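A structural walkthrough
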Amino acid sequence: MKLTPSTTSLWNSEQLFLLNGILAQLIPSGADGKIPSAAEFGVADFISQKVASDSELEQLFTQGLKYSEDLLRQSGKMATEFSDEEWIAFVSFLEQSQQSFFETLLRSTYEGYYSESTIRPLFGLSSEPTQPEGYSVPSDEPMELDRMLEPVRQRGVCYREC
Amino acid sequence: MKKTSVDVIIVGAGASGAAVAYALADLGLNILCLEQGNWIDRSDLPSTKKDYELHRYSKFSCDPNVRSLPQDYPINSENSPITPVNFNAVGGSTINYLGHWPRFHPSDFRVKTLDGVADDWPIDYETLAPYYDLNSKIMGVSGLPGNPSYPPYDIPLPPIPLGKLGNTLAKGFNELGWHWWPSDTSILSRAYQGRNPCVNAGTCDLGCASGAKASVDLTYWPQLLGKGVQLKTNCRVREITIQSNGKAGGVIYFDSDGQLQEQKADLVIMACNGVGTPRIMLNSRSKEFPDGIANRSGQLGKNLMFHPLSGVVGLFEEPMEGFKGPMACSIISQEFYETDPSRNFVRGYGLHGGRFTTPMTFALGGYGVDNLMPWGAEHRRQFDEIYPYCAGLTIVTEDLPLQSNTVTLDHELTDSDGIPAPRINYQVDENTQRMFVHGAARAEEALLAAGAKRIIASGGDVWWRAGWHLMGTARMGTDPENSVVNGWGQCHDVKNLFIVDGSIFVTSAAVNPTPTIQALALYVGDSIKKNQNLLF
């Protein structure tokens, strides 16, 4: 698992490694390597900033990560020793056992990942704000539009006179 | 408290408040509008920022309970499958609405006579038609004249491009021999009256920085200010006062410094939408009106109508470019709009071919929905194999009025000024549910006929964050026993109190209401001008 160094100071290195391990499962990388995982993309930084600005969220993540660390200890393995299948099982268990934390983590992961402008071109969108440039959409040729609408016109009016 | 008097006070600077002010502005009256929000800074809208999608889930959410800005009031929607959405600013919800602009049908004003349900309106399509036309010119509407679903009318600008998605869907409707037409939109296809044309940004809900989408801060308000209409922002009305002679005396409001003020007026006009207006009126209690001002009928706050929405999504072979173009507008089908006795429901619905959405919103469940998509390999698959290839149809159903669907006051939940929040009690009725079943099946047919390989989402629950259309809570009628206002928006019980927003709708039709709200507001304003002798 390749991880982007994080600048966050909210969590220690073990917690950060564990969080990134989870993030890599939530949004995995593309098979061709062109689309990075949430971990590779540095979503941990986004989450860290979001959590640091909200005391309730900080408490939820502190407890959630503590639970995750305990769960890891119970497995008898280091996070670095997990196979992909073991990571999936670990995250699935977390989803079942820590629903509130997990849902918040998942939502935050999606927000952090897809709010990064550099990710949008991978799905065909511009990396720029939508305004003022927007997108080019060709105007419909009036004659072509007329041709397409001819069957609709031929059926006549379709509202009730009253 | 200040007690200087004005001729007319309008509460709310959104779609309807601006329109009624326009109708009255040439009379030489002293008109004051109070707005709880402020002017928006167009250069600072989310659509100008790189992380624009994040704003949809925070300070620019359509949901006031998510935004929680100082100018917002909370809404208790615990007893509703749909939560009302809005925007509080000069321009109101035209700031973040999607600009779809269909008119009501003539039959929408005659539902009792034609279909035996609900009530007829005290006015008809022909009465509103000139006001629809006037409003189209002021707002700047794009579309294609000649839609056989309506009596003929003019449209100032040519239609916006259908785009790949709209063209694809249109082929499906043609294949089935069903009605479709390019959507009327309050979005400019060409430069118009100093405003720029649409750039197909696809983020209409995040405010239109280019100004192509008509919001009344751009269209009506510059003209109104030029005509001398006064506008005070960050002023939140708490209640309407009543005088000993039974007339409204004005309003009590919190000014921009949080100080309580009284504003006297000869005429009070409410324009705060179908939730905000009953909220203030229910909160305006007195000896004469212990259940809220102008509420002797007991109808104030009842008959709340939304347009329950649901969607069907098809998966196509080619990318549909669904993020390009105005969000809610491409084509509309009204094949199933009018009542057909062979169906198991009355009235009807529209199939709206809007665009698709942006990646974050897709991941979070779709626009108006909170339903996180799966994580892991399935997440990867949905983004790689599904997201680019989606096109959908939205089922927009008529919502019939029910006495049990209400806006009341929640005295436990208040805004920052201590004014009780609105509480929504709402259920989707059986007729509407039958429409959804029918509509989902027809939408599937249309998508498959358009070339969809398969259907990946069909109907299901109504969308939660989709209470855009707030109607019916102070309905029009000729009988003071079962309606709040008469046929020109005047409260039966208080002759100098008028309502001009969606509250006064008798029925909801099955189309976006803003063009009808504004046409009604212009009509009410014109009627006030013509009937000044009946005001007091």
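Thresholds, definitions, all that
Residues numbered from 1 in each chain as written. Chains lettered and ligands numbered in written order. Predicted model: local features only at pLDDT ≥ 70, side-chain atom pairs only at ≥ 80, totals over all residues. Helix = DSSP H or I, 4+ residues; strand = E, 2+ residues; numbered from the N terminus. Rg over C-alpha atoms; globule rule 2.2 N^0.38 Å. Buried ≥ 20, exposed ≤ 12 C-beta atoms within 10 Å, placed from the backbone. Contact = placed C-beta atoms within 7 Å. Axes fitted to C-alpha atoms, helices over the stretch in contact; angles between N-to-C directions. Parallel < 35°, antiparallel > 145°, perpendicular 65-115°, else oblique. Nonpolar A, V, L, I, M, F, W, Y, C, P; charged D, E, K, R; others polar. Expected span 1.5 Å × (residues − 1). Arc of directions from axis to C-beta. Pairing = 2+ DSSP bridges. pLDDT = per-residue confidence, 0-100. Core = buried A, V, L, I, M, F, W, Y, C linked by C-beta atoms within 7 Å. Left-handed = near helix turned anticlockwise from the far one by under 90°.

**A look at the overall build of chain B**
Assigned secondary structure in chain B consists of 12 helices and 16 strands. Expected size for 536 residues packed as a compact globule is a radius of gyration near 24 Å; at 22 Å, chain B falls within 12% of this value. Taking the principal axes of its C-alpha atoms as reference, chain B extends roughly 70 × 50 × 45 Å. Burial status across chain B gives 62% buried among its 536 residues. For chain B, restricting intrachain contacts to residue pairs at least 6 apart in sequence, the fraction spanning at least 24 positions comes to 74%.

**Points about unusual backbone geometry**
Cis rather than trans, the peptide bond between Q131(A) and P132(A) has omega equal to 10 degrees. By the element assignment, P132(A) lies in the loop between α5 (99–114) and α6 (142–154). The residue Q193(B) is not glycine, and still its phi comes out positive at about 50 degrees. Mapped onto the elements, Q193(B) comes out in the loop between β4 (181–182) and α7 (220–226). Unusually for a residue other than glycine, N200(B) sits at a positive phi of about 60 degrees.

**Focus: the packing of helix α1 (residues 13–26) of chain A against helix α3 (residues 55–75) of chain A**
Residue and element names in this part refer to chain A. The N-to-C vectors of α1 and α3 enclose an angle of 85 degrees; their axes lie 10 Å apart at closest approach. Judged by the inter-axis angle, α1 sits roughly perpendicular to α3. Here Q15, L18 and L19 of α1 come into contact with α3, specifically with L65, S68, E69 and L72. Residues belonging to the contact of α1 with α3 are distributed by class as follows: 4 nonpolar, 2 polar and 1 charged.

**As for α3(A)**
All names here are of chain A. For α3, built from 21 residues, the straight-helix expectation of 30 Å at 1.5 Å per residue is met to within 8% by its first-to-last C-alpha distance of 30 Å. When we look at burial in α3, the residues that qualify are F61, L65 and S68. Angular distribution of buried residues about the axis of α3 spans 55 degrees; they occupy a single face of the element. For α3, the exposed residues lying more than 90 degrees away from the buried face are S55, E56, Q59, K66, D70, R73 and Q74. In the core, the buried residues of α3 are packed alongside α1, α2 (43–52) and α4 (84–97). Directly after α3, the chain includes G76, whose backbone phi takes a positive value near 80 degrees.

**A word on the interface of chain B and chain A**
The interface of chain B with chain A comprises 54 residues on the first partner and 41 residues on the second. Elements supplying a minimum of two residues to the side of chain B that touches chain A: α2 (52–55), α6 (163–176), α9 (359–363) and α10 (377–386) of chain B. No other element matches α10(B), which puts 5 residues into the side of chain B that touches chain A. Broken down by class, the residue content of the side of chain B that touches chain A amounts to 27 nonpolar, 18 polar and 9 charged.

**Concerning the sheet that holds β4(B)**
All names here are of chain B. The strand order across the open sheet built from 6 strands is β4-β10-β11-β12-β9-β15, with neighbouring strands paired in antiparallel fashion. The open sheet has two edge strands with one neighbour each: β4 and β15 (454–459). Alignment of β4 against strand β10 (residues 331–333), held across 2 bridges, turns out to be antiparallel. Following the sheet pairing, P182 is matched in β10 by I331. Across the sheet, helix α11 (residues 430–449) is in contact with β9 (309–315), β11 (349–353), β12 (390–397) and β15; its angle to β12 comes to roughly 150 degrees.

**A closer look at the environment of E318(B)**
Topologically, E318(B) is positioned in the loop between β9 and β10. Taking the C-alpha atoms as reference points, E318(B) and P388(B), 70 residues apart in sequence, are found 8.0 Å from one another.

**A look at the pairing of β11(B)**
All names here are of chain B. The element β11 is extensively covered by neighbouring structure, given that 5 of its 5 residues are classed as buried. Residues Y349, L351 and G353 point to one face of β11 and G350 and H352 to the other, with burial holding for every one of them. Here β10 runs beside β11; their pairing, made up of 3 bridges, is antiparallel. If you follow I331 over to β11, its bridge partner there is G353.

**Considerations on the confidence of the model for chain B**
With 99% of its residues at a pLDDT of 70 or more, chain B shows a mean pLDDT of 96. Here the predicted complex carries an ipTM of 0.93, next to a pTM of 0.96.

**Some thoughts on the pairing of strand β7 (residues 248–254) of chain B**
All names here are of chain B. Taking burial as the measure, the 7 residues of β7 include 6 buried ones, the bulk of the element. Sheet analysis places strand β6 (residues 236–242) next to β7, joined by 6 bridges and oriented antiparallel. The residue of β7 that forms the bridge with E239 is I252. The loop that links β6 with its antiparallel partner β7 comprises 5 residues; one of these, G246, has a positive phi angle of about 85 degrees. Across 5 bridges, β7 lies against strand β8 (residues 260–270) in antiparallel orientation. Residue pairing across strands places Y253 opposite Q261, the latter belonging to β8. Adjacent in sequence and paired antiparallel, β7 and β8 are bridged by 5 residues, among which G258 carries a positive phi angle near 80 degrees.

**Considering the environment of V407(B)**
Residues and elements named next belong to chain B. With respect to the helices and strands, V407 occurs in strand β13 (residues 406–414). Under the C-beta neighbour-count criterion, V407 is labelled buried, with 29 such atoms within 10 Å. For the pair V407 and W464, spaced 57 residues apart in sequence, the C-alpha to C-alpha distance is 17 Å. Contacts of V407, omitting those with residues within four sequence positions, involve V275, P278, R279, G301, L304, P422, I424 and T473.

**Thoughts on the nonpolar core**
Across soluble globular proteins, nonpolar side chains have a tendency to be buried as a group. All names here are of chain B. Within the largest apolar cluster, 195 residues are counted, with the highest numbers of intra-cluster contacts made by V20 and A21. In this view, V20 contacts I10, I269, A271, V500, A521, V524 and G525; residues no more than four positions away in its chain are not counted. Core analysis: the next-biggest nonpolar cluster, separate from the first, contains 6 residues, M139, V141, I155 and L218 among them.

**Regarding the sheet that holds strand β3 (residues 76–79) of chain B**
Residue and element names in this part refer to chain B. Taken in spatial order, the 3 strands line up as β3-β14-β13 in an open sheet, and their pairing is mixed. One side of each edge strand has no neighbouring strand; the edge strands of this open sheet are β3 and β13. The sheet shows a mean angle of 40 degrees between the axes of neighbouring strands, taken without regard to direction. Both β3 and strand β14 (residues 420–425) contribute to a ladder of 2 bridges, which runs parallel. The partner of N79 across the bridge, within β14, is N425. Its contacts with the sheet put helix α8 (residues 273–282) on β13 and β14, and the angle it makes with β13 is roughly 65 degrees.

**Some remarks on the packing of helix α1 (residues 15–24) of chain B against helix α12 (residues 514–530) of chain B**
Residues and elements named next belong to chain B. The N-to-C vectors of α1 and α12 enclose an angle of 30 degrees; their axes lie 8 Å apart at closest approach. What the angle tells us is that α1 and α12 run roughly parallel. The way α1 lies across α12 gives a crossing that is right-handed. Of the residues in α12, those touching α1 at A15, S16, A19, V20, Y22, A23 and L24 are T514, I517, Q518, A521, L522, V524, G525, D526, I528 and K529. For the contact of α1 with α12, the per-class residue count stands at 11 nonpolar, 4 polar and 2 charged.

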